Amino acid sequence: MDPQSFIGRCQVDEDIADPARFVRLAATLDHDQPPWLEGMVPPLGHWLCFQPDARHSNVGPDGHPVRSDTGLLPNVDLPRRMWAGSRVEFRREIEKGAAIRRVSTLVAATPKSGRSGEMLFVTVRHEIGERDGEAAIVEEQDIVYREAAAPGAPLARPAVAVEGDDEVVRIVAPDPVMLFRYSALTFNSHRIHYDRDYARDEEGYPGLVVQGPLIATLLMDHLLRQKAGRKIARYSFRAMSPMYDGEEMRLGLAYESGQARLRAIGPVGVAMTAQADFSA
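Definitions and cut-offs
Residues numbered from 1 in each chain as written. Predicted model: local features only at pLDDT ≥ 70, side-chain atom pairs only at ≥ 80, totals over all residues. Heavy atoms only, no water. Phe/Tyr/Trp six-rings, centres within 6.5 Å; stacked < 30°, edge-to-face > 60°. Helix = DSSP H or I, 4+ residues; strand = E, 2+ residues; numbered from the N terminus. Buried < 20%, exposed > 50% of the residue type's maximum accessible area, 1.4 Å probe, protein only. Lys NZ or Arg CZ within 6 Å of the ring centre and 35° of its normal. Arc of directions from axis to C-beta. Contact = heavy atoms within 4.5 Å. Polar contact = N/O pair within 3.5 Å; in protein donor to acceptor, adjacent residues only side chain to side chain.

Undergrad: Hey, could you run me through the packing of aromatic side chains in this one?
TA: The geometry of two aromatic rings is summed up by the distance between their centres and the angle between their planes. Across all of its chains, the model carries four aromatic pairs by this definition. Taking the centre distance of 4.9 Å and the plane angle of 65° together, the rings of Trp47 and Trp83 count as edge-to-face. Of the two residues, Trp47 is situated in the loop between helix H1 (19–28) and strand E2 (80–90) and Trp83 in strand E2; the sequence distance between them amounts to 36 residues. The buried category is assigned to Trp47, whose relative accessible area is 10%. Taking the relative accessible area as the measure of exposure, Trp83 reaches 23% and is therefore partly exposed. Arranged with centres 6.1 Å apart and planes meeting at 55°, the rings of Tyr205 and Tyr244 form a pair that is tilted. Linking Tyr205 in the loop between helix H3 (196–201) and helix H4 (212–226) with Tyr244 in the loop between strand E7 (232–239) and strand E8 (249–256), this pair joins segments that are 39 residues apart in sequence. With relative accessibility at 8%, the residue Tyr205 sits in the buried group. Cluster of aromatic residues (ring-pair linked, three or more members): Trp47, Trp83 and Phe237. Directly above the ring of Phe6 sits Arg9, whose terminal nitrogen or CZ lies 3.9 Å from the centroid. In this structure, Arg230 packs its charged tip against the face of Phe278, placed 4.2 Å from the ring centre.

Here it is as structure tokens:
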């Protein structure tokens, strides 16, 4: 089925911004007292909401829900999926415990060919807010679909050069427990994050893959540790190269023209870049 025929499809989901999820997020990020506005959903906390609810019989061998011709995301024969980046606008706060709604629209589906084979770049726009209210969070999320790994062929990891210095640095090393806890928080059953044999033998990774949104969350947390209570107006991130469990990750923060610039640096260079703007 032509992936561009999915453009314009819309899906509506409802949830409760359960405070217990954010308590567990704080624990995963190793906080006694998290640097968030009290009583409000923390920045990027919406990623813990609207969890997938596919029946077990409708989950594929990779742990993702099976795609179909009637779903929101294109049903294409490209099994490997990566959340490549997002652009998030925080327009207003959402209270913890609020009834919330997400309206998701597929706005782009672009096939491409590269050195790694056929790919599909998809953009989904999410509008999130309290029910019967205006959107409090608007996010454009980029997803990349790729061909299956060749049997026995390890995946190449791009080496992205590190340029310049960071003003504030924090070192973390996401381990299998952190990966498991974040997958549990988001009900993400993609096996590359917890099943080492599958990640290695089926998808060609040398270890468990650190979730892109977890790295983006660690970068946001690094910023908020320095600017506790500050309101974030916009946040964007872009994945550059994968990170694997146990690898040391250097979280860097610098300020430029009133904007916070962040990056996660791993063994082969920059793994993710991000930037944030504060509310006036």
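There is more to say after this.
Undergrad: Can you help me understand H1 in this one?
TA: Residues lying three or four places apart along an α-helix face the same way, a consequence of the helix completing one turn every 3.6 residues. Those residues of H1 that sit buried are Arg21, Phe22, Leu25, Ala26 and Thr28. Within H1, the buried residues cover an arc of 160° as seen down the axis, which keeps them to one side. Where H1 is buried, its residues contact strand E1 (10–16), helix H2 (176–186) and H4. Put simply, Asp18 is the residue that caps the front of H1, since its side-chain oxygen is 3.1 Å from the backbone nitrogen of Ala20. One or two residues past the end of H1 sits Asp30, with phi positive at roughly 70°.

Undergrad: Looking at this structure, how should I read unusual backbone geometry?
TA: Most peptide bonds take the trans form, and the phi angle of most residues other than glycine is negative. With a phi close to 75°, Leu44 is a non-glycine residue in the positive phi region. With respect to the helices and strands, Leu44 occurs in the loop between H1 and E2. A positive phi angle, close to 55°, is found at Phe50, a residue other than glycine. In this structure, Phe50 sits in the loop between H1 and E2.

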